[in-house]
Structures are given as structure tokens and as C-alpha cells.
Amino acid sequence: MNSKLFYLLIVIFLIISVSVAGETTGNRIIDKKEIEASGITQLSEIFTLIPEWSVSSIDGVTWRVSPNGLEPFHHQRWKIILDDVLLDFDFWGTKPLDMIPINISQIVFIEVINIPGIYFGEFVESGALHFHTIDSNKKTTLKIEGNLANETGDPGPYRYTKHTSSNVDRLAENIGIVFEKKFNNSSFSINFKNSVHFPTDPVVFEDNSEAIEGEFPKQNLLSGGIKCRIDKLDLSGGMSYFEDFHDFYYLVTKALNNSHHFLNASYPMYISNNLNITTKINISSNSIKDHWNKYLLLNKKIVKPSIRLDYTNSKYKISSVFEYKSYKNKLKNYVNNDGYTLENINIFKSRLLFDYSFSKKINNSISFEYYQNFNKYNSAFSDKLEIKIDNHHSLLLGGFIGIQFFEDLNYYMPSLFRDIYISPIKGYHENVNYLSFLEWVYNHSENLQIKLTFFHNYYYNYCGDSQNCRIDGNIFSNQLSVKYNNNNFRAKLYYGLSLNSKDLETYDPRKSIPKYTIQLTMNYSLYSDISFWGKIKYTSSTFWTYHDSTLDDMLIADLTIRKKLMKNKAVFTFGLRNILNDTQRYHPSGASFDLNYFVRFYINVI
Amino acid sequence: MFKHFNIIFLLLFIFCSNNINAEPFDSMTVVLNLNSNFNNNDFHNYWEPKTGFEISGRTNFYSGMIELGITYNKNKSLSIDQPDYNSIYSFVGFGFNYKINNSFSNYIGLRMGDYYMDFDDPDIHPELKSEHEFYLGAITSVQYSLNKRYAFNLSLEHYKIFTYKRIYLWFVSVGVAYSFDSPKWLKEFLQ
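A few words on the overall build of chain B. Counting secondary structure elements, chain B contains 2 helices and 9 strands. Within chain B, buried positions represent 46% of all 191 residues. Pairs at least 24 residues apart make up 60% of the contacts formed inside chain B by residues separated by at least 6 positions. Carbon and sulfur atoms make up 62% of the accessible area of chain B, which totals about 9,800 Å².

Right, dumping it as C-alpha cells:
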């Protein structure tokens, strides 16, 4: 009934649309105003503002997501871009956003990319979050921010009675500081943050062997970033250290300490009006100081010099990227799957990647883009057609084919990790994904925008051996979002409907997608110094194949109140999350969260 | 009777919301109260909240008043199986002041904040020696003006503490209120 209603709505909308008149993008923008109004206390909470992405989290801090309508457990091909720099920030599929060395108050806007294509010289095949932090024109800025948060449902004094229960905590405190200085042709910024979380929810708690021994998990994140621009030369770097990172502990039965460092330099050269060459070098490393590293292969150093050429004229644009990527994994006393012992070995790999894209403007309203990349283990092709129908309407349609092979990883990884992190279906090491998409954008006025997005995913997995282990299936994701903005009031309504083909096997992980998702967010400024933000989200029940369990539907409501102080120099925010106390479940074997509350402050000292 | 308290309170809250005050943060009232718990439920099988004190500040804020304050109570254990503990309620509130006549006024408001517990238990893990929990509260008070600045204050307060097994507490409190024009620095800070 509901799906029929949805399609009826789409048909009516399309009929109306054809006769009226826009802007087409494959992006969503989460601006500073929305981030501040919602009272986001840490970067990872940004997913709560992106209903278009399916998400799962074991603890509310580390997340696994899918931007194209697939289930969130699938391989994490989405990317993190920070001010045009791609961060190689991946711990076997887990991308702890909080480790990005920026503070919330630095964010100007976040670009949420859903559609495959080239963005800032980086090919995005399955979504990206692009954090933009270049800030105001002020010459000198010093900002301090922080928050305290807690989850309700602790035993309190009843701990000492027959009514005792587990201690539950999810969030604790963050503190951050940012200093920015601008000169005539250059700028400099430095920031630091420290976050502490106590993930003591019973399920998380019991999963942690340290906790069983009486220790209380305490995630401590230290992170700092530096950025400077000297004329056209951009330099940036950062470090993050995460103590008790526990996303692996259901595998390794303990929390691990991991760290990430990166250094980036890029320099654009304008050869002529048409030709632009950008040289870039990026050095990054992920490391875990634990013996489990030899199984997880996380001590990875990456050196990545690249040259990008952009040739543009009035009719077409050709971009090509030559990238040399070298990995170095250091292993000591490693015993592989077949029992071979490898001692003190450096695994060194290098690849020359070549990507190119061609985009042609057919006329003022139609443009076409084709992209192809070549890589031994991961190749992709995509094309996009963007049609600007009139001043109000635009249409984007296209397709994407991605092929991934897992041969190399199969060799090194123990089967347990390979099954979970490399291929979601045991034994599969060839994976072909066909994605077609269509997005219709209708800008009724400057204040009202309606977007309809369709994703059709066709998946094909093949294990390549004699077993009959081929699986294929279709997933349709239909998304409708309506956005209204004016000076005092903002609202965004999202409706998502996901349909799976019946030929998916019962235990296919791709069935782990809620059929219906509805989210409404509203922001209202009552006076110039006080505003309210509210969100209500409904997710229908979901069958989680990995755990053979069905998650009940849930209704989550959040409310935030903001008060500006000191003539707008400071902002104080108080927020309640999950007011209805409908236990918030992201993962059946993971935590379930009760009503949370937080206070957050932000002071613009200079 | 207590079951319908929230509804009655909400109706009173809406009724009083018509009251329009002066410019935000123009004046301030500091209230100092002694409080006493008078209800009896499961909680009181284990602890007896002793007489405590409360200090709060209120200022006019657009159509109502905002308040900020803390309340302290010691909770005396009734058995050796449970330790004594100190509790501190720190809260922010919003409510309305309704002038009954020249001498009497009524304040009705909602509070929310953090309920801090510090257990007198030397054997407990250090991470669990103290705990925080969210709480919601409602207050109604009657003030009798003694002169332009001082008033006698009588309040009835209800708190719901969001522990796994919820704690419901009722307090009656008496004290004095002192009103004054907000100092310029404070006004500038709050604006």
C-alpha cells in the first residue's frame, strides 16, 4: 500500500515537473547553520543528519554506511575528503570520522556526495563526505569549543539494591581549540581536540574482554591538524591517536590503540587559460600498536604522488590523473592462513593508476561526463548525463559499473577477517556492482526545493571456484526529500523506500536495509538569540542477516535549544536525543541507546 | 493524584504563559531555600533524603523567566547494604511569574539538569564512585513581598530522575528571595 502511494506521488510529481521549470546536483549540503543548530558534539554524529545514507553503528561513535541505498555492512568504498584532500583513512572498512583532525567549529559546510563521479580530482564511486573548513575573512581567530554528554538509564543508587542494572554511557566530554591567522597571500591554522567516550552499554561492555576483567572501556581521542597556504601552495597535515578503539573487539576480543598521520602538499600551475596542472603529494600512515596488527595488516604507509591535468575549453573538459601509489605493510612473525610463517617481512606494493574523465557540454542545458579508471584490483566506469530543463528543473541520470577482485587480500588475510572485511559473503572474491541512478531536482523558489532520487543496484558476487556460490540480486532505493528555508524557519522532510528483489537469499546481507525511513528536521529561531532544532526519525523493522535477528522499528526524536551569549560571541546549546526513549538500535549485537542529553559551548575568543 | 500532576502542571504553565515581562535580563532574583522531601516510594525503602538547601537565580527572559541553580541533599542510607550518598541537582529552568496582588506572586516553571551522585563507598571502582543522571523537574512557588527587594518564598518541587529504575521525589522548600537590577556586565554576558 505504502509503496503504491510512493509511486503515485512520484508520477504526480513528474507530471507537474515536466510542465514547470533548476539546478541539478548529486550532492547534499549540510551547512554550518544546520550543524550548529543540531548541536552535533562530534564529527561521527553527522550521519544522523544524512538520512539518505543507510547506517549502522556498534557504539554510536564508529559507523559503517552505504550512500547508494545498499546495506551498511558492505565494503566501505565511500571516501573522506578534507578541503580537497582525500584522506586514506580506513581501518579495514571502518572509517572513524572523529579521527579527522578538525574541530566542529571549523566546518563551513559538508558536501555529501551520493552520485559516482569525479570530485576535486578524486574519483568517488560510492559516496563521499567532503569537509570544507576554509573560514572567514577575519585576520585572526581563536575559537574554543567543548561539550559534556551522558546517556540516561544508569543504575544510580539502585546499584546497591536488588534493582541493580548495568551502567550505560555512550558519550562523555570533548574539548577543542582552533587558531587561524590570515596574511595578504597566505593563511595558517592550527587546531587540537580531545574527546573521551565511555562506551559501557551492556552489549558493548560484555563484548569487551577488558571490561569482563573489570576494566571500563574509555576511548580517548587526541587529534591535531595544521594547515597553511602560501600563495598557491597548499600544505596540510594531521595526526590522530585513538586509545581503546573497539570496533574490532568482537573479532579480537579487546580494544586496540590506533593512530593515523598524514601530510599533504598540492600546487596548481596555470599553464594557459585552458590547461591547468596540479601536482600533489600525499603521505599517510595508519598503525596499530598491538600484536593483532599482524592479522589486521593495519600498519600501512602510503606514499601517493600524483599529477592531474585539466584541459577545458568552451565545449568540453578532459581531466586525467596519473597517480603512483605505494603501500608498505610491515609484518613480524606473521603466520598466514596456510600455516606459512613470514618473519620480519615488508610487504611493498606499488601501483600506477590512471584515471580519466571526459565531459562535454552539448548545449547550454545538456552536459555529459564519462569516467574510467584502471586498476588491477578495482576498475570502474561511469557516465552521467545532466539536463537542465529550465530555471526550475534539472535531471541527472547515469550509470556506474564497478568491478572488484580480492585475490591479493585473500592471500594475506586469515579467513575470519576476510569474510567480514573483504567480502560480506563467505568465499566470494569477485564482485561486480552495477548502479544506475536518476535524480530530479525541482527548485520551486529560493526557499523550496524538492529532490527525487532513484538508485538501482544490481549486485553480482562470484567466488570463482567449483562451489555454486554465485549470488545476484536487485535493490531499489527511492528517496524523496523536501527542503524549505527562510530566515527564521528551516525544515527538511525525507522519505526513503528500499525494495529488494525476491531472489536475494534469506541470509544475503543486502537484505539488511530498513524498508521505510522517514525523517523530519526543523529549525526555528524564536528570537535573534534563541533557537530550537528538532528531529524525528522513523525506521521500519530490519532483518539483520549477520546476526539472524530482526530489529524492531524505531521512532527517534531529538530536541536542541541554543542560546547566543556575549553579543553572539558565544553559543550555549542544550540537547536531548531520543526523547521518546525508544531504545535507539543501530546494530543487533551492538549497543542500544536510551535518552541522551548534552551541553555544548562555543566561544569566539578573538 | 500525582499521576495527573504533569497534565495539571502543563495547563497551568500554558495559562501563565500569557504573562509578558520587561526587557530580557533587566532584573534578577536570587532565591535561597531549605528543602525537605516528603513523599514515600521504593527509593525511601533504602534512603532518606535529609534536609538540604537550594540556591537559584532567576531573570526575566522574553515572555517568561529563566532560572539557573543547584540543590544539595544528603541521602542517608537505611541499611548497611547501601552507602550514604550526596546528591547535587544542577538545573536550568524556564517558567512564568504571575502577580496575584501587590504582596503575593506565583512562579510556575519547568527544570531540567544533571543529578550528580557521590557515593560514600571506599570499595567501589573509582569510575563508579560518582555518577551523573538527567532529571526533569517542575516547580511552583508563592512569594510574599516583605519589601521592594526581599520576599518570603514557599515552593513545591517535583523531580523525576532518569536512572534505569526511575526515582521520583517531592520537596517542599522555604526561604528568602532577593531582587535587584541586573548589573551591566551580567546583562551584556547574557545578551
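Now that the structure is up, let's keep going.
Turning to the overall build of chain A, a few remarks are in order. Counting secondary structure elements, chain A contains 8 helices and 37 strands. Each of the 606 residues in chain A was classed as buried or not, and the buried ones make up 56%. With an accessible surface of roughly 25,100 Å², chain A has 58% of that area assigned to carbon and sulfur atoms.

With 35 residues of chain B at the interface, the matching set in chain A holds 34 residues. When the two sides are added together, the surface that chain B and chain A hide from each other amounts to roughly 3,000 Å², 64% of it contributed by carbon and sulfur. Applying the counting criterion to the chain B and chain A interface returns 1 salt bridge. When the shortest N-O distance is used, the salt bridge between R159 of chain A and E131 of chain B registers 2.2 Å. For the pair chain B and chain A, the interface holds 13 residue pairs in polar contact (both at pLDDT 80 or more). Elements with a contribution of two residues or more to the side of chain B that touches chain A: strand 6 (104-119), strand 7 (130-145) and helix 2 (184-190) of chain B.

Moving on, we get to the packing of aromatic side chains. Tallying each qualifying case throughout the model produces 31 aromatic pairs over all chains. Arranged with centres 5.3 Å apart and planes meeting at 80 degrees, the rings of F94 of chain B and F96 of chain B form a pair that is edge-to-face. Residue F94 of chain B is classed as partly exposed on the basis of its relative accessible area of 28%. Judged by its relative accessible area of 4%, F96 of chain B is buried. Ring pairing ties together the aromatic residues Y158 and Y160 of chain A together with F43, Y46, W47, Y85 and F119 of chain B, which thus form one cluster. The ring of W78 of chain A has K95 of chain A sitting right over it, with the charged end atom 5.1 Å from the ring centre. In this structure, K165 of chain B is placed above the aromatic ring of Y158 of chain A, and the distance from its NZ or CZ to the ring centre is 5.7 Å.

So, on to the pattern of salt bridges. Under the criterion given, the structure shown has 21 salt bridges over all chains. A salt bridge links D529 of chain A to K563 of chain A; the shortest N-O distance between them is 2.8 Å. A residue pair is termed long-range when its members are at least 10 positions apart, and D529 of chain A in the loop between strand 29 (516-527) and strand 30 (530-539) and K563 of chain A in strand 33 (residues 554-565) qualify at 34 residues. With respect to class, D529 of chain A is no different from K563 of chain A; both count as buried. In this structure, D42 of chain B engages K165 of chain B in a salt bridge whose closest nitrogen and oxygen atoms are separated by 2.9 Å. Here the residue D42 of chain B occupies a position in the loop between strand 1 (27-37) and strand 2 (47-49), and K165 of chain B occupies one in the loop between strand 8 (150-161) and strand 9 (167-181), the gap between them amounting to 123 residues. Look at K165 of chain B and you get partly exposed, because its relative accessible area is 24%. What you see here is one network of salt bridges that share partners, running through E54, R58, E67, R111 and E157 of chain B.

In this section: the side chain of K95 of chain A. Residues and elements named next belong to chain A. Residue position: K95 is located in the loop between strand 5 (85-87) and strand 6 (109-113). Relative accessible area serves as the criterion here: at 6%, K95 is assigned to the buried category. Polar contacts involving the side chain of K95 include one to the main-chain carbonyl oxygen of W78, which spans 3.0 Å. Excluding anything up to four places from it in sequence, K95 contacts W63, Q76, W78, I80, F89 and D90.

So, on to the sheet that holds strand 6 of chain A. Residues and elements named next belong to chain A. Read from one edge to the other, the open sheet built from 5 strands follows the order 1-6-9-4-5, with strand pairing classed as mixed. A single partner strand is all that each edge strand has here, and the edge strands are strand 1 (27-31) and strand 5. Neighbour-to-neighbour, the strand axes of the sheet open up by a mean angle of 25 degrees, direction not taken into account. In terms of strand pairing, strand 4 (residues 79-82) meets strand 9 (residues 128-132) through 4 bridges, oriented parallel. Note on strand 9: the bridge partner recorded for I81 is H130.

Residue and element names in this part refer to chain B. Looking at chain direction, strand 5 (residues 85-99) and strand 6 are connected through 15 bridges and run antiparallel. Within the sheet, the bridge partner assigned to G93 lies in strand 6 and is R111. Remark: 4 residues form the turn of the hairpin made by strand 5 and strand 6, two consecutive strands paired antiparallel. Here strand 6 pairs with strand 7 via 15 bridges, running antiparallel. Note on strand 7: the bridge partner recorded for Y107 is S141.

A separate point is the nonpolar core. In terms of nonpolar packing, the biggest core is built from 37 residues, with I46, F47, L97, I100, I110, L129 and F131 of chain A touching the most fellow members. Of all elements in the fold, only helix 2 (32-38), strand 3 (63-66), strand 4, strand 5, strand 6, strand 9 and strand 14 (233-245) of chain A reach the threshold of two or more residues within this core. Residues in contact with L129 of chain A, not counting those within four places in the same chain, are I46, F47, I50, W53, W78, K79, I80, I81, L97, I110, E111 and V112 of chain A. F43, W47, F119 and Y159 of chain B belong to the second largest nonpolar core, which has 19 residues in total.

This part covers the environment of I35 of chain A. Residues and elements named next belong to chain A. Mapped onto the fold, I35 is located in helix 2. For I35, a relative accessible area of 4% translates into the label buried. For the pair I35 and L49, spaced 14 residues apart in the sequence, the C-alpha separation amounts to 8.5 Å. In this view, I35 contacts I30, I40, I46, I104, I107 and I110; residues no more than four positions away in its chain are not counted.

Turning next to the confidence of the model for chain A. Residue and element names in this part refer to chain A. On average, residues of chain A score 77 in pLDDT, and 73% of them reach the 70 mark or higher. Within chain A, the lowest mean pLDDT, 43, falls on strand 20 (residues 341-342), and the highest, 93, falls on strand 30. pLDDT under 50 marks residues 333-345. Its contacts with residues more than four places away, or in other chains, come to 27 contacts. Taken as a whole, residues 406-428 scores under 50 in pLDDT and shows 70 contacts with residues more than four places along the chain or in a different chain.

Quick look at the side chain of S44 of chain A now. Following the sequence through the fold, S44 of chain A ends up in the loop between helix 2 and strand 2 (54-57). Excluding residues that lie within four positions of it along the chain, S44 of chain A makes contacts with G60, V61, W63, L97 and D98 of chain A.

All names here are of chain B. Tracing the chain through its elements places M28 in strand 1. Taking the relative accessible area as the measure of exposure, M28 reaches 13% and is therefore buried. Residues M28 and R58, spaced 30 residues apart in sequence, show a C-alpha to C-alpha distance of 5.6 Å. Not counting residues within four places of it along the chain, the set of residues in contact with M28 comprises R58, T59, Y178, S179, F180, S182 and L186.

Conventions used here
- Residues numbered from 1 in each chain as written.
- Chains lettered and ligands numbered in written order.
- Predicted model: local features only at pLDDT ≥ 70, side-chain atom pairs only at ≥ 80, totals over all residues.
- Heavy atoms only, no water.
- Helix = DSSP H or I, 4+ residues; strand = E, 2+ residues; numbered from the N terminus.
- Buried < 20%, exposed > 50% of the residue type's maximum accessible area, 1.4 Å probe, protein only.
- Contact = heavy atoms within 4.5 Å.
- Areas by Shrake-Rupley, 256 points an atom, 1.4 Å probe, with all protein chains shown as cover.
- Buried area = accessible area lost by both parts, 1.4 Å probe.
- Salt bridge = Lys/Arg side-chain N within 4 Å of Asp/Glu carboxyl O.
- Polar contact = N/O pair within 3.5 Å; in protein donor to acceptor, adjacent residues only side chain to side chain.
- Phe/Tyr/Trp six-rings, centres within 6.5 Å; stacked < 30°, edge-to-face > 60°.
- Lys NZ or Arg CZ within 6 Å of the ring centre and 35° of its normal.
- Pairing = 2+ DSSP bridges.
- Axes fitted to C-alpha atoms, helices over the stretch in contact; angles between N-to-C directions.
- Core = buried A, V, L, I, M, F, W, Y, C linked by side-chain atoms within 4.5 Å.
- pLDDT = per-residue confidence, 0-100.

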